Amino acid sequence: MIGKDFLTIEQLEPDELLGLIADAAWLKANRRPFDLLAGKSVALLFQKPSLRTRVSFEVAATELGAHCLYLSPAEVGLGEREDVADVARVLSRYVHAIVARTFFHKDIEALARAADIPVINGLSDQSHPCQILGDLLTIQERFGSIRGLTVTFVGDGNNVARSLIEAAPRAGFAFRIACPSGYEPDADAVERALNIDPESVVISQDPSSAVRGADVVYTDVWFSMGQEAEREQRASIFPPFRLTADLLQCASPQAIVMHCLPAHRGEEITDEVMESPQSAVFDQAENRLHAQKALLANLLAPQSAGGLWLAESTRATK
Ligand code: CP
Ligand code: NVA
């Protein structure tokens, strides 16, 4: 049972996180229409643009028999036209789950508090847990398992980095981040990860040493959605943290390259690295679909009350 909402990776026990990845792998291997969520509706309540999150949730819901509604910022005016809690209470009367993408994480928390239905974090300024579900599936596919691997993130200590930090002690990988001074990930999240596993997170300002021997080299944009005003300032600070072919040479020869996308090609990652045989970025994008399907099934399928629904029963019966 993974709880009513899915707001952060931190809320998951290790077996719940790995159970979701197992379900995602099974759903990928058995991709076909299901009627598991027939008659259910999911609202996608987005304050920021999206390609992968919106499309993967819409297709995932459809393939599970459910229906999605996309609600753009212009339609809802979350917190502006209408109080956040009131939006949650109204949607609870219509739909069976909300996937929310907001500027402020506190707005997703407020939605979850006021809603009677599951609320899923589809990205906030703080974290991007749905991304990491697809990423862990990708890593597992490439390496057979996740435990014992080293994942190095080069760039801004942002929402994606934070969700990776939360995943590290739960999925059993070592997380290193190389970032400029002042752009470190949230200190409290790092401390909580270190309290679970003191070896799970290392922070440095030296990309070459952080990448040395890594199995996965991950990067993301230097400025996230909502930080556009900082673009120029960040562009003067981050170039030493660009993922180039030279930097990738420091990693394990079998290393894969990951990026949550969208990429700003030529900024945080070169075309050469994006297109190299080591790049797993489009597998990552695909795996959002299978991961989001596993998440919706576990949160919304009637049988989910007993545990990871697909792991427990679907495989045996479908
Ligand atoms: N990675 C990701 O979440 O992409 P979108 O912003 O396009 O949804
Ligand atoms: N850090 C990026 C991730 C986009 C999927 C952002 O928040 O814009």
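Everything quoted here is computed from the prediction, not taken from an experiment.

1. A few points about the sheet that holds strand 5 (residues 150-154)
Part 1 of the argument: Taking strand neighbours across the sheet as the criterion, the 5 strands line up as 7-6-5-8-9 in an open arrangement whose pairing is parallel. The open sheet has two edge strands with one neighbour each: strand 7 (201-204) and strand 9 (256-259). Sheet twist, expressed as the average angle between the axes of neighbouring strands with direction ignored, equals 20°.
Part 2 of the argument: Judged from the 5 bridges that link them, strand 5 and strand 6 (residues 174-178) form a sheet pairing that is parallel. The residue of strand 6 that forms the bridge with Val151 is Phe175.

2. Examining the nonpolar core
Part 1 of the argument: Counting 64 residues, the largest nonpolar core has Leu136, Phe173, Phe175, Leu295 and Leu296 as the members making the most contacts within it.
Part 2 of the argument: Per-element accounting of this core gives the leading share, 8 residues, to helix 13 (residues 281-300).
Part 3 of the argument: Dropping the residues within four chain positions of it, Leu296 is found in contact with Leu37, Val42, Phe57, Ala60, Ala61, Leu64, Ile120 and Ala301.
Part 4 of the argument: If you look at the next biggest cluster of nonpolar residues, it comprises 21 residues, including Leu243, Leu248, Leu261 and Val281.

3. Examining the pattern of salt bridges
Part 1 of the argument: Inspection of every chain in the model, using the stated rule, returns 17 salt bridges.
Part 2 of the argument: The partner of Lys4 in a salt bridge is Asp5, with the nearest N and O atoms 2.7 Å apart.
Part 3 of the argument: When its relative accessible area of 15% is taken as the criterion, Asp5 is described as buried.
Part 4 of the argument: For Lys28, the salt bridge goes to Glu286, with nearest N and O atoms at 3.8 Å. One end of the pair, Lys28, is in helix 1 (residues 14-29); the other, Glu286, is in helix 13, with 258 residues separating them in the sequence.
Part 5 of the argument: When its relative accessible area of 36% is taken as the criterion, Glu286 is described as partly exposed.

4. Some points on the site of ligand 2
Part 1 of the argument: Lining the immediate environment of ligand 2, one finds Leu123, His128, Asn158, Asn159, Asp220, Val221, Ser224, Met225 and Leu261.
Part 2 of the argument: Within the side chain of Asn159, one N or O atom sits 2.8 Å away from an oxygen atom of ligand 2.
Part 3 of the argument: One nitrogen or oxygen atom from the side chain of Asp220 is found 2.7 Å from a nitrogen atom belonging to ligand 2.
Part 4 of the argument: Here ligand 2 has 270 Å² of accessible area as a free molecule, and 95% of this is covered by the chains.
Part 5 of the argument: Judged by its atoms lying within 2 Å of the grid points, ligand 2 is housed in the largest pocket.
Part 6 of the argument: Of the residues assigned to the shell around ligand 2, the class counts are 4 nonpolar, 4 polar and 1 charged.

The rules behind each value
Throughout, residues of each chain are indexed from 1 in the direction in which the sequence is written. Going through the entries in the order they are written, you letter the chains from A and number the ligands from 1. Totals for whole chains, interfaces and linings use every residue, but because this is a predicted model, local features are given only for residues with pLDDT of at least 70 and side-chain atom pairs only at 80 or more, for both listing and counting. Side-chain numbers come from the whole structure's heavy atoms, not from hydrogens or water. In this description, strands pair whenever DSSP reports at least two bridges between them. For helices the rule is a DSSP run of H or I covering at least 4 residues; for strands it is a run of E covering at least 2, with both sets numbered from the N terminus onward. Lines fitted to the C-alpha atoms define the axes, with helices restricted to the stretch that makes contact. Angles between their N-to-C directions range from 0 to 180 degrees. Here, nonpolar core means buried Ala, Val, Leu, Ile, Met, Phe, Trp, Tyr and Cys residues that are tied together by side-chain atoms lying within 4.5 Å of each other. Burial classes follow relative accessibility: with a 1.4 Å probe on protein chains only, a residue under 20% of its type's maximum area counts as buried, one over 50% as exposed, and anything between as partly exposed. Residues count as neighbours in contact if any of their non-hydrogen atoms are within 4.5 Å of one another. Should a side-chain nitrogen of Lys or Arg be within 4 Å of a carboxyl oxygen of Asp or Glu, the pair is scored as a salt bridge. Note on definitions. A residue lies near a molecule or strand when any single heavy atom of the residue is within 4 Å of it. Contacts described as polar in this section are N or O atom pairs within 3.5 Å, which, within protein, must combine one atom able to donate a hydrogen with one able to accept it, while residues neighboring in sequence count only if both atoms come from side chains. The Shrake-Rupley method, run with a 1.4 Å probe sphere, supplies the accessible areas, and residue values consider only the shown protein chains as cover. With a 1 Å grid spanning the protein atoms alone, the term cavity applies to any set of points in which a 1.4 Å probe fits but cannot get out, the term pocket to an open set with protein on both sides within 12 Å along at least five of seven lines, and the term lining residue to any residue with an atom within 4 Å of a point. Cavity and pocket membership follows a simple rule, namely that a molecule belongs there if more than half of its atoms are within 2 Å of the grid points. Residues are sorted three ways: Asp, Glu, Lys and Arg are charged, Ala, Val, Leu, Ile, Met, Phe, Trp, Tyr, Cys and Pro are nonpolar, and all the rest, Gly among them, are polar.

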